[in-house]
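# Examining the three-dimensional arrangement
Each chain, letter by letter, is given below.
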Amino acid sequence: MAAPRWRQRLVGRKGGTQFHALAVAQLAAVVSVDKLSFALASDGTRYLLDETLADLEAELDPARFFRVNRQMLLAAHAVHHYSPAGKGRLTVHLMQALGGEVLVSQERAAAFKAWLLAAPPG
């Protein structure tokens, strides 16, 4: 049997000395903050990653994760809803555990909507 093409697990650090095996299916997002990458679990817990956001974008299943902007790869299940933000942009409201919202540019809006409709459930 061939190995899966897309990463199934990431290793994230919490507290500096604790390393956690994170199932990619349980991640809500991967974010970049001050050149550091963090995995956000569906419960909102944040884990420091060694990989860059660009590297992870190439290694995570594009059916499940979408690059909404320069700072975030978002999992479909983390989207609570979205709404127009003017000038063709979208405001994506995130699931309650993550809180907040993220802006999708006019250039990425159509691709985001198409991706969200095609994303696998879960």
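Criteria and cut-off values
- Residues numbered from 1 in each chain as written.
- Predicted model: local features only at pLDDT ≥ 70, side-chain atom pairs only at ≥ 80, totals over all residues.
- Heavy atoms only, no water.
- Buried < 20%, exposed > 50% of the residue type's maximum accessible area, 1.4 Å probe, protein only.
- Helix = DSSP H or I, 4+ residues; strand = E, 2+ residues; numbered from the N terminus.
- Pairing = 2+ DSSP bridges.
- Salt bridge = Lys/Arg side-chain N within 4 Å of Asp/Glu carboxyl O.
- Contact = heavy atoms within 4.5 Å.
- Axes fitted to C-alpha atoms, helices over the stretch in contact; angles between N-to-C directions.

## Notes on the pairing of strand β7 (residues 72-75)
Burial along β7 is two-sided: the residues Met-72 and Leu-74 and Leu-73 and Ala-75 are all buried. Pairing between strand β3 (residues 27-33) and β7: three bridges, direction antiparallel. Looking at β7, one finds that Ala-29 is bridged to Leu-74. Where strand β6 (residues 65-69) and β7 come together, four bridges link them in antiparallel fashion. Following the sheet pairing, Phe-65 is matched in β7 by Ala-75.

## Topic: the pattern of salt bridges
This structure, assessed with the given rule, holds four salt bridges. The shortest N-O distance in the salt bridge between Glu-59 and Arg-7 comes to 2.5 Å. Placement of Glu-59 in helix α1 (residues 53-59) and of Arg-7 in the segment before β1 (9-14) is noted, with a sequence separation of 52 residues between them. Owing to a relative accessible area of 27%, Arg-7 belongs among the partly exposed residues under this scheme. Note that Asp-50 is salt-bridged to Arg-13, the shortest N-O span being 3.3 Å. On the criterion of sequence distance, the pair formed by Asp-50 in the loop between β5 (46-49) and α1 and Arg-13 in strand β1 is long-range, its members being 37 residues apart.

## Concerning helix α2 (residues 106-118)
Three or more residues of α2 are buried, namely Ala-109, Phe-112 and Trp-115. Where α2 is buried, its residues contact β6, β7, β8 (79-84), β9 (90-94) and β10 (101-104).

## Notes on the sheet that holds β8
Spatially, β8-β9-β10 is the arrangement adopted by the three strands of the open sheet, whose pairing is antiparallel. Two strands in the sheet have a free side with no partner beyond their single neighbour: β8 and β10. Across the sheet, the axes of successive neighbouring strands diverge by a mean angle of 25°, strand direction being ignored. Bridge analysis of β8 against β9 gives five bridges, and the strand direction is antiparallel. Note on β9: the bridge partner recorded for His-81 is His-93.

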